[in-house]
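The lines below spell out each chain.
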Amino acid sequence: MRFVLRVLKALALLLVLFVVAGAAWLFVSPPELLRVGDGYAAKIVCSNVFIAGRIAEDVLKDDVQAPGNPLLRLVRVSVDRDNGRVTARFMGLFASSYALYRGGLGCTSVPDGDFEAAANAVPFDAPAKMETNPALWPQGEDVGDPDTKVAAVLADAGLAGPAMRAVVVVRDGRIVAEAYAPGFSAKTPLIGWSMTKTVNAAILGRLMLDGKISFDDDHLLAQWKDDARAKIKVSDLLGMESGLAFNENYGDVADVTRMLYLDPDMVSLPANAPMEAAPGKRFRYSSGTAVLLSRIWMDRVGNAQAAFSYPRDALFAPLGMTSAVFELDARGTFAGSSYLYATAHDWARFGQFLLQDGVWNGQRLLPEGFVGAMRTPTAASNGRYTQGQAWLAPGSSATFGLPEDTFWLTGHDGQSMAIVPSANLVVVRLGLTPSWFGYQPRTMLKAILAALPQSGAPEQQAGSQRQAQP
């Protein structure tokens, strides 16, 4: 019996030592996967609390833990509202990661914990006041009476999709139907994830109109001047054909998650990526490419202060996108791959802007042909991706019975915007719908098209579009 007791005591001691050693390891050198998880939690909670005005516990439960890796259920967050900081820790103890609120420029991940550097990297601008203009959309926020047939489509949960948060349908320049999940409304800013890439491209297009950058520009970064990367053109980056290696796999710690949540300078990883193909020869979807485009257009603006205000001054303010918050990394580069928050009404304004070929209030804001590039397929992507950071056919629009001129903005977890010029139609769908649900926005788009009254001949459609332009 004494021998058995001694064995049990020894095992208990070994167990305690094992737990202590494991805790010490997690505290001193946590695995990157835990750091990514905590970084993701801190950033998402920060943006939704300080931009969207949501409750931190709800965001953690619904946005971070419900759809993600099971380990995320062990993440705990704390919010320091006085200093605009969010801290996330695995089991409340390990792999600390942080996010910082910087006013009108939203939140940033601060993976190195250097809040002073992150605060000093950008100005703390006061958040823009959201408009309460009673005029009819897009000049204001009033939407008038809905189209009952289209509203019925949006009320069908199977068509709107699991965890839909907002759907807005714009026909002939007016919102004809919209729907929101409980807890969300037309006033709730929502993340677009990779739909941000297309907005980022349009910001670059504004600079093209001013002659400060072109599709054919190369020698884009100083560190590329002495190697093959100097031959990469702006057009290669816009078409995701730069030839730079980049791992966009979200299932593990990859280039994309390392860039977003482990590096305070998001430019560093893609800017130092090796070439795996000649420019223009291979399609590789890359969030790193979009961040490089941000850095490039910011450098062309002229000075840092002007670059920080350029998205608002050049695009958001002219379009009336008063809710739009375009976030930057901790060192001051816009996260052009992922982080734009805006209400569904403002996302729809951007879609209508593209539908109108980059013209708003009679003023051309994008060069002629720029939106055409967004609708033109690249050969290396087998016709799926375009020359302007957009998609032509998620699941093949044409073979699904949709108009052949349909093009798309899409984003992580079920964000989508369909633009159908031939139907004078924009459909924005925002939510939290991971890919494993198998949801396809084209199903809802097809039902909406079927519910709409016919527009008539192409000449009439074009005239209607011109008249509807704000």
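Residues numbered from 1 in each chain as written. Predicted model: local features only at pLDDT ≥ 70, side-chain atom pairs only at ≥ 80, totals over all residues. Heavy atoms only, no water.

Draft legend 1. Here's a closer look at the sheet that holds strand 1 (residues 75–80). Strand order across the open sheet formed by four strands is 1-2-3-4, with antiparallel pairing between neighbours. Two strands bound the open sheet, and with one partner strand each, they are strand 1 and strand 4 (107–109). Ignoring which end each strand starts from, the neighbouring axes of this sheet average 20° apart. Pairing of strand 1 with strand 2 (residues 85–90) involves six bridges; the strand directions are antiparallel. (Pairing = 2+ DSSP bridges. Helix = DSSP H or I, 4+ residues; strand = E, 2+ residues; numbered from the N terminus. Axes fitted to C-alpha atoms, helices over the stretch in contact; angles between N-to-C directions.)

Draft legend 2. Unusual backbone geometry, seen in detail. Cis geometry is adopted by the peptide bond preceding P138, which originates at W137 and carries an omega value of 10°. Note that P138 resides in the loop between helix 4 (115–121) and helix 5 (148–154). Even without being glycine, M240 reaches a positive phi, approximately 55°. Structurally, the position occupied by M240 is in the loop between helix 8 (234–238) and helix 9 (255–261).

Draft legend 3. Highlighting the packing of helix 7 (residues 195–209) against helix 13 (residues 344–355). At their nearest, the axes of helix 7 and helix 13 sit 12 Å apart, and the two run at 55° to each other. One finds that helix 7 runs oblique with respect to helix 13. Where helix 7 crosses over helix 13, the handedness of that crossing is left-handed. Of helix 13, the residues touching helix 7 (which contributes M195, T196, T198, V199 and A202) are W347, F350 and L354. Residue composition of the contact of helix 7 with helix 13, by class: six nonpolar, two polar and no charged. (Parallel < 35°, antiparallel > 145°, perpendicular 65-115°, else oblique. Left-handed = near helix turned anticlockwise from the far one by under 90°. Contact = heavy atoms within 4.5 Å. Nonpolar A, V, L, I, M, F, W, Y, C, P; charged D, E, K, R; others polar.)

Draft legend 4. Molecular detail of helix 11 (residues 287–301). For helix 11, which comprises 15 residues, the first-to-last C-alpha distance of 22 Å matches the rise-based estimate of 21 Å (1.5 Å per residue) to within 8%. The element helix 11 is extensively covered by neighbouring structure, given that 13 of its 15 residues are classed as buried. Measuring from the side-chain oxygen of the N-cap residue of helix 11 to the backbone nitrogen of G288 gives 3.2 Å; that N-cap residue is S286. Of the residues flanking the end of helix 11, it is G302, one or two places downstream, whose phi is positive at about 135°. (Expected span 1.5 Å × (residues − 1). Buried < 20%, exposed > 50% of the residue type's maximum accessible area, 1.4 Å probe, protein only. Polar contact = N/O pair within 3.5 Å; in protein donor to acceptor, adjacent residues only side chain to side chain.)

Draft legend 5. Structural context of the sheet that holds strand 6 (residues 174–180). Reading across from one edge, 6-5-14-13-12 is the order of the five strands in this open sheet, with antiparallel pairing throughout. Among the strands making up the open sheet, the edge pair consists of strand 6 and strand 12 (407–411). Sheet twist, expressed as the average angle between the axes of neighbouring strands with direction ignored, equals 5°. The strands that helix 7 touches are strand 12, strand 13 (415–420) and strand 14 (425–431); relative to strand 12, the one it contacts most, it runs at about 120°.

Draft legend 6. The arrangement of the nonpolar core in detail. Counting residues in hydrophobic clusters, the biggest one holds 108 residues, and the most contacted among them are W297, L315, W347, F350, F353, L354 and M417. Counting residues per element, this core draws most heavily on helix 2 (residues 32–50), at nine residues. Of all hydrophobic cores here, the second largest spans 30 residues; its members include V153, M240, Y439 and L452. (Core = buried A, V, L, I, M, F, W, Y, C linked by side-chain atoms within 4.5 Å.)

Draft legend 7. The arrangement of the state of the cysteines in detail. Counted under the stated rule, the structure contains one disulfide. In this model, C46 is linked to C107 through a disulfide, with the two sulfur atoms separated by 2.1 Å. Since a negative S-S torsion denotes a left-handed disulfide, the C46-C107 link at about -75° is left-handed. Here C46 is found in helix 2, whereas its partner C107 is found in strand 4, with 61 residues between them in sequence. Each of the two residues, C46 as well as C107, counts as buried. (Disulfide = S-S within 2.5 Å.)

Draft legend 8. Broad picture of the packing of aromatic side chains. Taken as a whole and assessed by the stated rule, the structure comprises 15 aromatic pairs. Considering the side-chain rings of Y98 and F115, the 5.4 Å spacing of their centres and the 70° angle between planes classify their relative orientation as edge-to-face. Of this pair, Y98 sits in strand 3 (residues 94–101) while F115 sits in helix 4; the two residues are 17 residues apart in sequence, bridging distant segments of the chain. Centre to centre, the rings of F350 and F353 are 6.3 Å apart; their planes meet at 45°, and the pair counts as tilted. Highlighted residues: F350 and F353, both in helix 13, separated by three residues, approximately one helical turn. Judged on exposure class, the residue F350 and its partner F353 are both buried. Seen from the ring of Y339, K43 lies directly overhead, with NZ or CZ sitting 3.8 Å from the centre. The side chain of R85 reaches across the aromatic face of F115, ending 4.0 Å from its centre. (Phe/Tyr/Trp six-rings, centres within 6.5 Å; stacked < 30°, edge-to-face > 60°. Lys NZ or Arg CZ within 6 Å of the ring centre and 35° of its normal.)

Draft legend 9. Fine view of helix 15 (residues 441–451). For helix 15, the full list of buried residues reads P441, R442, M444, L445, I448, L449 and A451. Where the residues of helix 15 are buried, they touch helix 5, helix 6 (157–160), strand 5 (164–171), strand 12, strand 13 and strand 14.

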